[in-house]
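# Coordinate analysis (summary)
Below are the chains, spelled out letter by letter.
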Amino acid sequence: MRLLWASALTLTLLAAGEKWTVDDLLLQETAGSLNLSRDGRLAVYTKSRIDKEKGESISHLYLKRLAETEEVQLTRGQDSESSPKFSPDGKKIAFLTSRKPATAGANGAGQPPSGGGMQVWLMNVAGGEPWAATRMERGVRDFEWLDNDTLLLAASEDSSLFDQKLKDGKDTSEVVDDEKHAAPVRLFRFDLKGSKATRFTQNTDRITSVTASPDGKWAITIHNRSLLEIYNQKIKPATFLHDLTTGKSVELFAGDKLYPRGFQWTGDSKGFYFSAPYTTHPYLFNASVSRMYYYDVAASKRIDVDLAWENGLSFGWSVTPDGFVALMANGARNKVARYTRQGDTWTRAWIEADGVQTVKVSDDGKQIVYTHSTASSPAKWMLAGLDGAKFTDAKPFVETNKGFLKKPIAKTEVITWKGALDDQIEGILYYPNNYQAGKKYPLVVMIHGGPFGHDSDSFSERWAYPHQLYTQRGAFILKPNYHGSSNYGLKFGESISGGKYNDLEWIDVEKGVDSLIAKGLVDPQMLGVLGWSNGSIITIELTTRTTRYKVAGAGAGNVNWSSDWGNAVFGDSFEQYYLGKRPMDDPQLYIRKSPLYRMDKVKTPTIIFFGTEDKQVPTEQGWQHYRALQHYGQTDVKFILFPGEAHGPRKYVHQKRKVDEELAWFDKYLFGTAKDENEALKSESSLAALLKAKKMGDSPELAERGAFSVGRFEVTRAQFKAFDPSYAVAPGTELLPASGIGFEQAKAYCEWLSRKTGQSYRLGTEEELGAMLTRSKSENTLDNWAGYTVNVDDALKLDSLIAGMGPGALLKPVGSFMGSGEDPVYDLGGNVAEWVVDKDGKGKLMGGSADRPADAKAPVTTRTDYAGFRVVLAGR
């Protein structure tokens, strides 16, 4: 067992950190698409996050100088940008976007059509608005800079007469695999000064990527030659090398069993590196190891790079002036290596660096940007010097989601156990928050998709696998890298092929669970399992093999391989590789492999998720799973469809629904914490508040807010009278907030409550409550009473009227207005102004009050009879 303890900071936060919410995961920010200028001074990249208003993810461009700390956001708005690339001189940035130019609708006034799909836009690094460069009718697939004034585009041809007739007739019918009418994607040279596109190739297939040499004289393209390629992998993509000076093109590697990808040119443009999967199967590449190759342009020669590493490359490598830096496949934790070229051979030197997930080397080979992350430390980009086989002077370069460091991040470790073939299986184990040795906890198994994928020792929190939301519920999480997973070598990846699919994987999972039970960590009566795609397939398999799992979550998983062969977009290639035969050749094999025919054995309550447009695991699979469980009626089942979604939900509302529904399902059947809630009662409503307030006793009700809990309501008059019997409370005013309270009185109440309950109550600090206590005209402030937005002058005119009404006359029972947050807190924006402790330990009134307007520009000057407080309980 290899133990990875969280950092000292993380360990501290386990005991005192902010509670994780669903939105923490769904609205997190991710950085990507890094591009460095050729002089190594500038970096441009994207940051993406879901925009709740738009309901889906939006990506924007950011610029940073490598020698400085300041980050500049270049784009904003509701349109996304992607694939940013510096011009050779570093003065411009080109990028792809589907945004429309401001003049897009003025075609009748002499403006050319704006084009469809993604177009190339430009912007000056020095500043100013971006502008549209291309206006290709069907958009741009890919692009490269050739020189400072010229782009090379991969773009679809304009519409044919056939296409135009369909459009004019509003015919949305679709012919499957219509190779005859599929639009060619060709190369175009685009002159930026003249805004003119010139066709460079006449190919009839579809170019999917283009990679140009630094000198702009050469380009490599990948061509999809069959719409059936993804379905059966019989006609492989072709690779072409284009001489951009002479216009000649030559196909590379024709006849070779080679499937190139990820091209990177050397800085001198004399050759390029590329990786390609290797497999023992005659033509299917479902499981493989990645090998490295070099192509010498002048010699027209391919050289196989001997990596001297059986597992091959992992995801991520970057060219240096004398070779390349690469992540090497090594199970859950990659190794980092530098390969240096000497003639037609390469020597390897290991780089001692942990947690490296991606690498990008500057053109001069002196700097490297890499992603650092572990399962218990959020990702951040690091900038370091590259000195031989060392990263030097590493420092944070781009950091996202800094708020995560305030959360109780689960401790993790990489563990091993004996699997189905008595060989070693590896996985990631997440510990429950506030874990105590010797105590047994629930276990949720979360199974990765693929099957040729793997769970790495890296931070990954998302809608499909929200680890932190389960560990804060007090559960262990096991993420097993079962037989067939990637990053463990070809033998391991191919071990479930040729008819052995799902013979080993579920047993690997079971033995991993058994090992945790044997160690005394896990309560065997509290087991749950979930997964998406192939993780769902194994989840379903487990529910047909054992009844020990109390709950299951199955997202986009197969139950019937016969229908999958015909319906899935890659049905033939997947089934041929993993089952070894087609359903017509051996129908009994397909029946034996399909969980559909064992649904009578399922006793595990199962929740099923699918997108209605899923072509990878067709939606029909979910219907068959649901109907079979419904038919046998031996367990509870729930089936949720996401309209318009494919293999995974992209819209915020659907991602949130998935997480919320699955958590509620597990709360009910595993954790036993589900509450019977009235669906007609809105949790943050005034009615809900009144019901809570009516049930309160002398002690205030609390709501968790991170490292502390805060009073859900302002302390009421009835509660304050329990402390001070002399405090006058007129009949019917018991639920009004205690008012006319001084700072010392509020502190004394907290001390009394602490003695009474044995817990540490106190007033909140300005730092803790400052952001919560606002002034809102939609709550009990003077604006609400006056019926308009009261300015400072009108407030003075109304003051005498308020004074004549008697002390606290405008107060309302606590919770009379809508609360704030999923676990709502009330009256933060009005009713009484509240005492907090400032940085000097003195009392300070904050927040809105019924006698004052919701004017954020004015200081809090509430009348003494509108001063109150709420309590804070630390460490709850």
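Here the structure is shown first, and the text comes after it.
Here the residue numbers are simple positions, counted from 1 along each chain's written sequence. Local features in this predicted model are restricted to residues whose pLDDT is 70 or higher, and side-chain atom pairs enter the listing and the counts only when it is 80 or higher, whereas totals over whole chains, interfaces and linings include all residues. Think of the side-chain values as coming from all heavy atoms in the structure, minus any hydrogens and water.

On to the overall build of the chain, then. Put simply, DSSP marks the helices as runs of H or I at least four residues long and the strands as runs of E at least two long, and each gets a number from the N terminus on. Within the chain, the secondary structure is distributed over 19 helices and 43 strands. Over its C-alpha trace the chain gives a radius of gyration of 31 Å, about what one expects of a compact globule, namely 29 Å for 876 residues. Oriented by its inertia axes, the alpha-carbon framework of the chain measures out at about 100 × 70 × 65 Å. Here the chain holds 876 residues, and 54% of them are scored as buried. Residue burial considers only the protein chains on display, and all accessible areas are found by Shrake-Rupley using a 1.4 Å probe. Of the roughly 38200 Å² of accessible surface on the chain, 50% is carried by carbon and sulfur atoms. Positive and negative side-chain charges of the chain, numbering 108 and 109 respectively, have mean locations separated by a distance of 1 Å. To get the radius of gyration, use the C-alpha atoms; to get the globule rule, take the number of residues to the power 0.38 and multiply by 2.2 Å. Only protein chains enter the area calculation, which uses a 1.4 Å probe; residues under 20% of their type maximum are buried, those over 50% are exposed, and those in between are partly exposed. In summary, the charge assignment counts Lys and Arg as positive and Asp and Glu as negative, without counting His or the chain termini. A charged residue contributes its charge at one atom only: NZ of Lys, CZ of Arg, CG of Asp or CD of Glu.

Turning to the sheet that holds strand S41 (residues 843-846), a few remarks are in order. Across the sheet, three strands lie side by side as S41-S40-S42; this open sheet has mixed pairing. Every interior strand has two partners, whereas the edge strands, S41 and strand S42 (867-868), have only one. As paired strands, strand S40 (residues 833-837) and S42 are joined by two bridges and run parallel to one another. Its bridge partner lying in S42, Ala 833 is registered against Ala 867. Strands qualify as paired when DSSP identifies two bridges or more between them.

A few words on the pattern of salt bridges. Any two side chains of opposite charge can pair if their charged atoms end up close together. Basic side-chain nitrogens of Lys or Arg form a salt bridge, by our definition, when they fall within 4 Å of a carboxyl oxygen of Asp or Glu. Going through the model one piece at a time under the given rule, you end up with 45 salt bridges. Among the salt bridges present, the one from Arg 186 reaches Glu 157, with a minimum N-O distance of 2.9 Å. With a gap of 29 residues between them, Arg 186 in strand S11 (residues 185-191) and Glu 157 in the loop between strand S10 (150-156) and helix H3 (161-168) connect regions that are remote in the sequence. Here Arg 186 and Glu 157 have matching classes, each one buried. For the salt bridge of Glu 613 with Lys 615, the shortest nitrogen-to-oxygen distance reads 3.7 Å. Taken together, the shared-partner salt bridges in this structure form one network comprising Glu 29, Lys 47 and Glu 71.

What follows deals with helix H14 (residues 686-695). Among the residues of H14, those classed as buried are Ala 688, Ala 689 and Ala 693. For H14, the arc enclosing every buried residue in end-on projection is 135°, short of the 170-degree limit, so these residues lie on one face. Across from the buried face of H14, at angles greater than 90 degrees, the exposed residues are Leu 687, Lys 694 and Lys 695. Picture the helix axis, draw a direction to every C-beta atom, and the arc is the one those directions span.

Glancing now at the nonpolar core. Side-chain atoms within 4.5 Å link the members of a nonpolar core, which is a set of buried Ala, Val, Leu, Ile, Met, Phe, Trp, Tyr and Cys residues. Ranked by size, the top nonpolar core spans 45 residues in total, and within it Val 444, Tyr 470 and Phe 666 carry the most contacts. Only helix H2 (22-26), strand S30 (424-430), strand S31 (441-447), helix H5 (467-471), strand S33 (522-532), strand S35 (606-611), strand S36 (637-642) and helix H13 (652-671) provide two or more residues apiece to this core. Per-element accounting of this core gives the leading share, eight residues, to H13. Contact partners of Phe 666, with chain neighbours within four places excluded, come to Val 444, Tyr 470, Gly 528, Val 529, Leu 530, Val 551, Ala 552, Gly 553 and Phe 671. Formed by 25 residues, the second largest nonpolar core is a distinct cluster that contains Leu 443, Tyr 482, Phe 492 and Val 529. Throughout, a residue-residue contact means that at least one pair of heavy atoms, one from each residue, lies within 4.5 Å.

A word on a nonpolar patch on the surface. The patch calculation keeps residues exceeding 30% relative accessible area without a salt bridge and links them within 9 Å when they carry like charges or within 5 Å when they are nonpolar (Val, Leu, Ile, Met, Phe, Trp, Tyr). Taken together, the side chains of Leu 681, Leu 687 and Leu 691 define a hydrophobic patch exposed on the protein surface, amounting to about 250 Å² of accessible area. Mapped onto the elements, Leu 681 comes out in the loop between H13 and H14. Among the residues examined, Leu 681 registers a relative accessible area of 31% and is labelled partly exposed.

Our focus in this paragraph is the pairing of strand S2 (residues 42-51). Note on strand geometry: in a regular strand, side chains alternate between the two faces of the sheet. Among the 10 residues in S2, eight count as buried, and that is most of the element. Note that strand S1 (residues 30-36) and S2 share five bridges and pair antiparallel. Following the sheet pairing, Thr 30 is matched in S2 by Ser 48. Hairpin connection between S1 and S2: a loop of five residues separates the two successive antiparallel strands, and Gly 40 in this loop has a positive phi of roughly 75°. Direction of pairing for S2 relative to strand S3 (residues 56-65): antiparallel, over a ladder of 10 bridges. Residue Asp 51 lies in a different strand from S3, and its bridge partner there is Glu 56. Linking two consecutive strands that pair antiparallel, namely S2 and S3, is a turn of four residues; a positive phi of about 90° is found at Gly 55 within it.

On to the sheet that holds strand S26 (residues 367-374). With respect to topology, four strands assemble into an open sheet ordered S25-S26-S27-S28, the strand pairing being antiparallel. Edge positions in the open sheet fall to strand S25 (356-361) and strand S28 (390-399), since each of these has one partner strand only. Sheet twist, expressed as the mean angle between neighbouring strand axes with direction ignored, is 25°. As paired elements, strand S27 (residues 377-387) and S28 share seven bridges and run antiparallel to each other. In the strand pairing of S28, Trp 381 is matched with Val 398. The angle between two axes is taken between their N-to-C directions and runs from 0 to 180 degrees, where each axis is a line fitted to C-alpha atoms and a helix contributes only its stretch in contact.

A negative phi holds for most residues other than glycine; trans holds for most peptide bonds. The step from Gly 450 to Pro 451 runs through a cis peptide bond, and the omega angle for that step is 5°. In this fold, Pro 451 is placed in the loop between S31 and H5. Phi at Ser 195 takes a positive value of approximately 50°, unusual for a residue other than glycine. Here Ser 195 is to be found in the loop between S11 and strand S12 (196-199). Positive phi is not limited to glycine here, since Asp 827 has a value of about 65°. Relative to the helices and strands, Asp 827 resides in the loop between helix H19 (792-803) and S40. Given a relative accessible area of 2%, Asp 827 falls into the buried group.

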